[in-house]
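Results of the structural survey
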There are 2 protein chains.
Amino acid sequence: MSKKVPYRIYLSEDQIPKSWYNLRADMKNKPAPLLNPATHKPLVYEELIPIFPSACVSQELDNDTRYIEIPDEVREMYKVFRPSPLIRAYNLEKELGTPAKIYYKFEGNNTSGSHKLNSSLAQAYYAKEQGLTSLTTETGAGQWGTAMAEACSYFGLDLTVYMVKCSYDQKPFRKSVMGVFGGKVISSPSSTTEVGRKILAETPETTGSLGCAISEAVEKAVTTENCRYVLGSVLNQVVLHQSIIGLESKTALEMYDEYPDIVIGCAGGGSNLGGLIAPFVQDKLTGKANPEILAVEPASCPSLTRGRFAYDFCDTGKITPLAKMYTLGSGFIPSSNHAGGLRFHGMSPILSQLYYDGYMKAISAEQTKVFEAATLFSRVETILPAPESAHAIYGAIEEAKKCIETGEEKKILFGLTGTGYFDLTAYQSYMDGTMTDYIPSDEDLEKGFDSLPKVD
Amino acid sequence: MSKKVPYRIYLSEDQIPKSWYNLRADMKNKPAPLLNPATHKPLVYEELIPIFPSACVSQELDNDTRYIEIPDEVREMYKVFRPSPLIRAYNLEKELGTPAKIYYKFEGNNTSGSHKLNSSLAQAYYAKEQGLTSLTTETGAGQWGTAMAEACSYFGLDLTVYMVKCSYDQKPFRKSVMGVFGGKVISSPSSTTEVGRKILAETPETTGSLGCAISEAVEKAVTTENCRYVLGSVLNQVVLHQSIIGLESKTALEMYDEYPDIVIGCAGGGSNLGGLIAPFVQDKLTGKANPEILAVEPASCPSLTRGRFAYDFCDTGKITPLAKMYTLGSGFIPSSNHAGGLRFHGMSPILSQLYYDGYMKAISAEQTKVFEAATLFSRVETILPAPESAHAIYGAIEEAKKCIETGEEKKILFGLTGTGYFDLTAYQSYMDGTMTDYIPSDEDLEKGFDSLPKVD
C-alpha cells in the first residue's frame with residue numbers, strides 16, 4: 001500500500017529543478033515562427049534584440065535545446081519562495097463527495113501573489129547581466145506587473161508598467177504594491193505613447209486590454225535608451241521559465257507514486273498552463289503516458305474555443321511581431337471580465353500548436369460560475385483564489401463531479417496560480433449579485449476576425 | 001560541520017504538534033486571575049460560561065495542565081495550512097551586511113493572512129461541539145475577523161464581527177473577504193448595541209478601538225440566544241492555541257542544531273508573541289536556556305513600555321472582567337495608527353506577568369520607522385508584511401544592525417504574523433510621505449490612567 005499523501009507536499013530546496021524544460025524540443029510540429037509584420041518573413045535574432053533582452057531572444061528562438069540551465073542567481077532567488085506546495089484537496093473532495101483525488105499546485109506564496117515571479121526574475125536577471133538599466137512591461141490583473149516590480153527591485157533596474165485601465169481602476173492597491181517595489185505604474189491606454197493617444201482618440205471610453213498595454217510598453221521600450229520590453233505570458237521563453245511549475249508538481253506526485261489522469265489550468269496568454277503541463281505533455285509526445293490536458297478560459301474571451309488558428313499581432317496597436325496562434329483578432333477588445341489576466345485576444349503559440357494537434361482540450365466558463373467555484377473552494381481550502389486561477393478550480397470541480405456519476409477515482413491536478421487578495425471588488429460584486437456574464441455574439445467575433453492580418 | 005540551512009524549513013505533517021503547550025504550568029508567578037468587575041472576586045467557571053464557549057473557559061482557567069491535546073478535528077484543519085515555514089532571511093542578512101543569522105516564522109499562508117486562524121479554528125470547534133449556533137467577535141486590522149469567519153464557515157456557525165471603525169474605513173476589502181466566508185461585519189462603535197450608542201453619543205468623531213469593539217461584541221453575545229463571544233488575543237486560551245507557532249519554530253531550528261539568542265515578536269494583545277515565545281520561555285523558566293525575549297509595540301500605543309501593571313477592563317465600555325495587565329487604561333483611545341491589530345490599551349496577563357518578572361524586554365517603534373523596515377524587508381524577501389508584523393521586523397533589523405557593530409553572530413528569531421495585502425492604504429501613505437507619527441504625551445497617558453478601576 002502506498003504512503004498516505006499529506007495535505008501539503010513540500011519538496012526540499014535541493015529538489016528545485018536545476019534546468020527549465022523546453023517543451024518545443026519534443027514537439028514534432030514546432031510552434032510557427034514569429035513573423036516580421038512588414039515583410040511576413042520569420043524574425044531573426046538581430047531583429048528581436050532591440051525589443052527584448054538578448055538572452056531572452058535566444059530562448060525565444062530555441063526550439064531544440066531540451067533543458068536550459070537556470071542561472072545560479074535566479075535559482076538562489078527561487079529558493080526564497082520555492083518549492084511551492086503541491087496540495088491534496090482533501091477538504092474539497094469531501095465537500096463535493098467525489099471519489100476523485102484532487103491535487104493543486106499553489107503558486108501564490110510570494111508578494112506578487114502568483115506564478116509570475118518565476119519568469120520575471122529570469123527576465124530581469126538577463127536584462128541586468130546585459131547591462132540594461134530599465135525595462136517596460138504591461139500588466140492585466142496586476143500580477144505580472146507586481147512580479148516584474150519585485151524582480152527589478154531585486155536586481156536594481158527601473159521599471160515602467162502599463163496597466164490595463166479596467167484593472168487599474170478596479171485594483172487601486174495593485175498600484176501601491178508595485179510602488180513599494182519602486183515600479184512606475186501608468187493606466188493604459190495613456191497619453192504617454194503615440195499608440196496610446198491614437199487608441200484614446202478612436203475609443204475614448206475603452207477600458208483597455210492587454211493588447212493595448214503591450215503596444216504602449218513596446219513603443220516606450222524601443223524609444224528609450226538602454227531599455228527593453230518584457231512580457232509575462234504568450235512568449236515561448238515565458239512558457240519555458242514556467243515549466244518549473246510542472247516539473248516540481250511531477251516530482252512531488254512521484255514521491256507518492258501518483259500520476260494525474262487529467263491536468264487542468266486556466267488559459268489567458270498561456271504561461272501558467274504551458275508551464276504546468278510541460279512535463280506531462282512531454283510524456284504524451286514521447287509515448288510514456290497519456291494524461292488529458294484541459295485549458296479553461298473565460299467565456300467572454302474564448303480564444304481557444306471560438307478563435308481562429310492564424311497569424312496575428314500580439315497587441316492592439318499592431319506594432320508587435322506576428323504570432324501564429326488561436327486568436328480572436330487583435331481588434332477584439334474583451335468585456336471587462338474580472339479575470340483581467342485572462343483578457344487577451346490570443347494564446348501562446350506553443351499551446352496553440354498543441355491544441356491544434358489534439359494534445360489539449362479546452363472549455364470556457366462564465367464568470368459567475370467561476371466565482372461560485374472560487375467561493376466554495378476558499379471556504380474549505382483556506383485560500384481565496386484569484387479569479388484567473390478560479391477558472392482552473394471550476395474545471396477541476398466539474399471533472400470531480402463527473403467522477404461522482406461514473407465512480408471513477410480520477411487523479412486531477414490543477415494549477416492554483418495566485419491569491420485573490422487584490423480581487424475583492426470582484427468577489428463583492430459576486431456576493432452583491434451585480435456580477436454579469438458576457439458572451440460575445442458571433443457578430444462580435446466576426447468583427448474581431450476582420451482585424452486579422454492577411455498572411456500567405 | 002552542521003547542515004546548510006535552506007531558505008525555507010518545512011516540517012512534515014506528522015511534526016505538527018499534537019498538543020498545545022500551556023506556559024502557565026511552568027510559571028512560578030501565575031498570571032493574576034480575572035476578577036468580577038462588580039465584586040472584585042476571582043471569576044469562576046460558572047460566571048464565564050455565559051460569555052465564552054465552555055471548553056474555552058476551562059482552558060482559560062487552567063494554570064496547571066502543561067500540555068493540552070489538540071482535538072483531531074482542529075488538527076486535521078491545521079494540516080490544510082500548517083506547518084508554516086520557518087525561513088532563514090539570507091537575503092535580508094546580505095542586504096544589511098550583518099553577521100547575525102535571522103530566522104522568521106511566516107504565518108501568512110492562509111486567507112486570513114495571519115496566525116489568527118490557529119486560535120479561531122479551536123474556538124469555533126469548541127463552540128460547535130457545545131451545540132452553539134452563533135458567535136460574535138471584534139476585529140482590529142481585520143485579521144482576526146477573517147480568521148474567525150473562515151473557522152465559522154468551516155464548522156457551520158453564524159458570525160457577527162464588530163470591526164474597529166478606522167480599519168473598517170481603511171480596509172474596505174476586509175469586509176468583502178469576511179463576506180466571502182459568510183461573516184456579518186459591523187463598523188464599531190455602532191448603533192446596534194447599547195454600549196455602542198453610548199460611545200457614539202459621547203465621542204461621535206471616534207475612529208473606534210479594539211476596546212470599544214469588544215464591548216459591543218460581548219453585549220451582543222450575552223443578549224443573543226445560543227450565542228457566545230470569542231476573542232482573538234489577550235486571553236490565556238489564545239496564547240495557549242498560538243503556542244503552536246513557537247513549538248513548530250523550535251522543532252524546525254532543532255533540525256539544524258540552531259537555538260535563538262533572541263526571540264522577537266510584535267505586541268498588541270499578545271497572542272502571536274505569547275505563542276512564539278512559549279517554548280523558549282519554558283527553557284528560561286526551567287533553567288535549560290536563557291534566550292532574550294523582546295516585544296516590539298507601537299509608540300502610539302505603548303502598553304508595556306509606558307503602561308501600568310494594574311487590574312483593568314479589557315474593553316472601553318467596562319463590561320468585561322478585570323484582567324491584571326500592563327495597560328494604558330481602558331479610557332485610552334489610541335490614535336489611528338495603521339497597525340490596527342496593535343491598537344489595544346492592554347496586554348495579555350501572561351505576558352504582563354513575564355514582563356513584570358523580568359523574563360521579557362520591550363521597545364516601542366514609530367510607524368514611519370516600521371514601514372521603512374517593512375519596505376526594505378519586502379524588497380529582498382518577497383513577502384509584503386502586515387504593519388503589525390513589521391514591528392517585529394523592525395526589532396530584528398535593529399538587533400542585526402547591532403551585530404554589525406559588535407561582530408556577534410547572534411541568532412535572531414522573529415514572528416512574521418501576516419501579509420500586508422490589506423494594508424496598501426498604509427503603504428501608499430508611507431510612500432506619499434503623508435504618514436505621521438504620534439506619540440502620546442504624559443498628559444494623554446495620565447488621562448488614560450484616570451480611567452483605571454480601583455482594585456485593592
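Residues numbered from 1 in each chain as written. Chains lettered and ligands numbered in written order. Predicted model: local features only at pLDDT ≥ 70, side-chain atom pairs only at ≥ 80, totals over all residues. Heavy atoms only, no water.

Below, the discussion takes up the overall build of chain A. When its secondary structure is counted, chain A shows 18 helices and 15 strands. Its C-alpha radius of gyration of 20 Å places chain A within 12% of the 23 Å reference for a compact globule of 456 residues. For chain A, the spread of C-alpha atoms along the principal axes amounts to about 65 × 50 × 45 Å. In chain A, which comprises 456 residues, the share counted as buried stands at 68%. Within chain A, contacts between residues separated by at least 24 positions form 77% of all contacts whose residues are at least 6 apart in sequence. Carbon and sulfur atoms provide 49% of the accessible area of chain A, an area that totals close to 14900 Å². Taken together, the 44 basic and 55 acidic charged side chains of chain A have centroids lying 2 Å from each other. (Helix = DSSP H or I, 4+ residues; strand = E, 2+ residues; numbered from the N terminus. Rg over C-alpha atoms; globule rule 2.2 N^0.38 Å. Buried < 20%, exposed > 50% of the residue type's maximum accessible area, 1.4 Å probe, protein only. Contact = heavy atoms within 4.5 Å. Areas by Shrake-Rupley, 256 points an atom, 1.4 Å probe, with all protein chains shown as cover. Lys, Arg positive; Asp, Glu negative; His and termini not counted. Charge placed at Lys NZ, Arg CZ, Asp CG, Glu CD.)

The next thing to look at is the relation of the copies chain B and chain A. These two copies of the chain differ by a rotation about an axis and a displacement along the same axis. Here chain B sits on chain A after a turn of 180° about the axis and a move of 0.0 Å along it, with an RMSD of 0.0 Å. As the rotation angle and translation indicate, the two copies are arranged about a two-fold axis. (Least-squares fit on C-alpha atoms with pLDDT ≥ 70 in both.)

Taken as a whole and judged by the stated rule, the model has 37 aromatic pairs over all chains. Plain terms: the ring middles of B:Tyr78 and B:Phe81 are 6.1 Å apart, the flat faces sit at 85° to each other, and that makes the pair edge-to-face. Separated by 3 residues within a single helix, B:Tyr78 and B:Phe81 lie in helix 3 (residues 72-81), roughly one turn from each other. A single burial state applies to B:Tyr78 and to B:Phe81, both of which are buried. Put simply, the rings of A:Tyr125, A:Tyr126, A:Tyr154 and A:Phe155 touch in pairs and so form one group of aromatic residues. Taking NZ or CZ as reference, A:Arg308 lies 4.1 Å from the ring centre of A:Phe449, over its face. (Phe/Tyr/Trp six-rings, centres within 6.5 Å; stacked < 30°, edge-to-face > 60°. Lys NZ or Arg CZ within 6 Å of the ring centre and 35° of its normal.)

With that settled, the discussion passes to the sheet that holds strand 4 (residues 86-88) of chain A. Residue and element names in this part refer to chain A. Judged by pairing direction, the sheet is mixed, and its 7 strands sit side by side in the order 1-4-5-15-10-11-14 without closing on themselves. Looking at the sheet topology across the chains shown, the edges are occupied by strand 1 (8-9) and strand 14 (361-365). Note that strand 4 and strand 5 (residues 101-106) share 3 bridges and pair antiparallel. Each residue of the ladder has a partner; that of arginine 88, found in strand 5, is tyrosine 103. (Pairing = 2+ DSSP bridges.)

Residues and elements named next belong to chain A. With the rule as written, the count across this model stands at 40 salt bridges over all chains. Salt-bridge contacts for arginine 306 lead to aspartate 442; the nearest nitrogen and oxygen are separated by 2.9 Å. With arginine 306 in helix 13 (residues 303-306) and aspartate 442 in helix 18 (residues 442-450), this residue pair connects regions lying 136 residues apart in the sequence. For arginine 306, a relative accessible area of 27% gives the class partly exposed. Residues participating in the shared-partner salt-bridge network are Glu292, Lys361, Glu399, Lys402 and Lys410. (Salt bridge = Lys/Arg side-chain N within 4 Å of Asp/Glu carboxyl O.)

Here chain A averages 95 in pLDDT, while 99% of its residues score no lower than 70. Scoring the predicted complex yields pTM 0.95 and, for the interface, ipTM 0.93. (pLDDT = per-residue confidence, 0-100.)

Glancing now at the interface of chain B and chain A. Between chain B and chain A, the contact holds 44 residues from the first and 45 residues from the second. For the pair chain B and chain A, the two sides together bury roughly 4200 Å², of which 58% comes from carbon and sulfur. Our enumeration of links across chain B and chain A arrives at 0 salt bridges. Our count for the contact surface shared by chain B and chain A stands at 19 residue pairs in polar contact (both at pLDDT 80 or more). Those elements that provide at least two residues to the side of chain B that touches chain A are helix 3, helix 6 (143-155), helix 8 (172-180), helix 15 (367-381) and helix 17 (424-432) of chain B. By residue class, the composition of the side of chain B that touches chain A is 20 nonpolar, 17 polar and 7 charged. (Buried area = accessible area lost by both parts, 1.4 Å probe. Polar contact = N/O pair within 3.5 Å; in protein donor to acceptor, adjacent residues only side chain to side chain. Nonpolar A, V, L, I, M, F, W, Y, C, P; charged D, E, K, R; others polar.)

Residues and elements named next belong to chain B. For helix 6, spanning 13 residues, the distance from its first C-alpha to its last is 18 Å, which sits close to the expected 18 Å at 1.5 Å a residue. Most of helix 6 is tucked away, with 11 of its 13 residues classed as buried. Every buried residue of helix 6 is listed here: Gln143, Trp144, Gly145, Thr146, Ala147, Met148, Ala149, Glu150, Ala151, Cys152 and Phe155. Positive phi shows up at glycine 156, right after helix 6, with a value of about 75°. (Expected span 1.5 Å × (residues − 1).)

Quick look at the domain arrangement of chain A now. Residue and element names in this part refer to chain A. We note that the domain assignment places domain 1 (8-16 + 81-113 + 236-449) and domain 2 (20-26 + 49-67 + 116-229) within chain A. Taking only C-alpha atoms into account, the centre of domain 1 sits 22 Å from that of domain 2. Both faces combined, the contact of domain 1 with domain 2 buries some 3900 Å², and carbon together with sulfur accounts for 59% of it. Three residues, Gln237, His241 and Phe422, lead the burial of domain 1 against domain 2; their summed loss comes to 18% of the area buried on that side. Note that lysine 171 is salt-bridged to aspartate 423, the shortest N-O span being 2.6 Å. At 10 residues, helix 11 (residues 236-254) tops the list of elements feeding residues into the side of domain 1 that touches domain 2. Here the residues of the side of domain 1 that touches domain 2 sort into 19 nonpolar, 22 polar and 7 charged. (Domains from an automatic or database assignment.)

What follows is about the pairing of strand 15 (residues 411-416) of chain B. All names here are of chain B. Most of strand 15 is tucked away, with 5 of its 6 residues classed as buried. In the sheet, strand 5 (residues 101-106) pairs with strand 15 via 6 bridges, with the strands oriented parallel. Across the sheet, isoleucine 102 pairs through a bridge with isoleucine 412, a residue of strand 15. Where strand 10 (residues 262-266) lies against strand 15, 3 bridges are found, and the strand directions are parallel. Paired with isoleucine 264 across the strands is phenylalanine 414, a residue of strand 15.

Residue and element names in this part refer to chain B. Along the polypeptide, glutamine 123 turns up in helix 5 (residues 117-130). Separated by 3.0 Å, the side chains of glutamine 123 and serine 119 make a polar contact. A polar contact of 3.0 Å, which involves the side chain of glutamine 123, links it to the backbone oxygen of leucine 231.

With that settled, the discussion passes to unusual backbone geometry. Across the junction of A:Ser188 and A:Pro189, the peptide omega takes the value 5°, indicating a cis bond. Here A:Pro189 shows up in the loop between strand 8 (184-188) and helix 9 (194-202). In this structure, the amide linkage connecting B:Arg82 to the following residue, B:Pro83, adopts the cis form with an omega of -5°. Topologically, B:Pro83 is positioned in the loop between helix 3 and strand 4 (86-88). For A:Thr382, which is not glycine, the phi torsion reads 60° and is therefore positive.

Here we have 7 strands laid out as an open sheet, ordered 1-4-5-15-10-11-14 (chain B), and mixed in their pairing. Bordering the open sheet on either side are strand 1 (8-9) and strand 14 (361-365) of chain B, each of which pairs with just one other strand.

Our focus in this paragraph is a negative patch on the surface. Residue and element names in this part refer to chain A. Residues Glu69, Asp72, Glu73 and Glu129 make up a contiguous surface patch of negative charge. For glutamate 129, the position within the fold is in helix 5 (residues 117-129). Owing to a relative accessible area of 55%, glutamate 129 belongs among the exposed residues under this scheme. (Patch = residues over 30% accessible without salt bridge, like charges linked within 9 Å, V, L, I, M, F, W, Y side chains within 5 Å.)

So, about the pairing of strand 6 (residues 134-139) of chain B. Residues and elements named next belong to chain B. When you tally the buried positions in strand 6, you get 6 out of 6 residues, the bulk of the element. Side chains Ser134, Thr136 and Glu138 project from strand 6 onto one buried face, and the interleaved Leu135, Thr137 and Thr139 project onto a second face that is buried too. Bridge analysis of strand 6 against strand 7 (residues 158-164) gives 6 bridges, and the strand direction is parallel. Residue pairing across strands places threonine 137 opposite valine 161, the latter belonging to strand 7. The parallel pair strand 6 and strand 7, bridged by helix 6, forms a crossover whose chirality is right-handed. In this structure, strand 6 lies alongside strand 9 (residues 227-229), joined through 3 bridges in parallel fashion. Bridge assignment links threonine 136 to a residue of strand 9, and that residue is tyrosine 229. (Right-handed = clockwise from strand over helix to strand, strands pointing away.)

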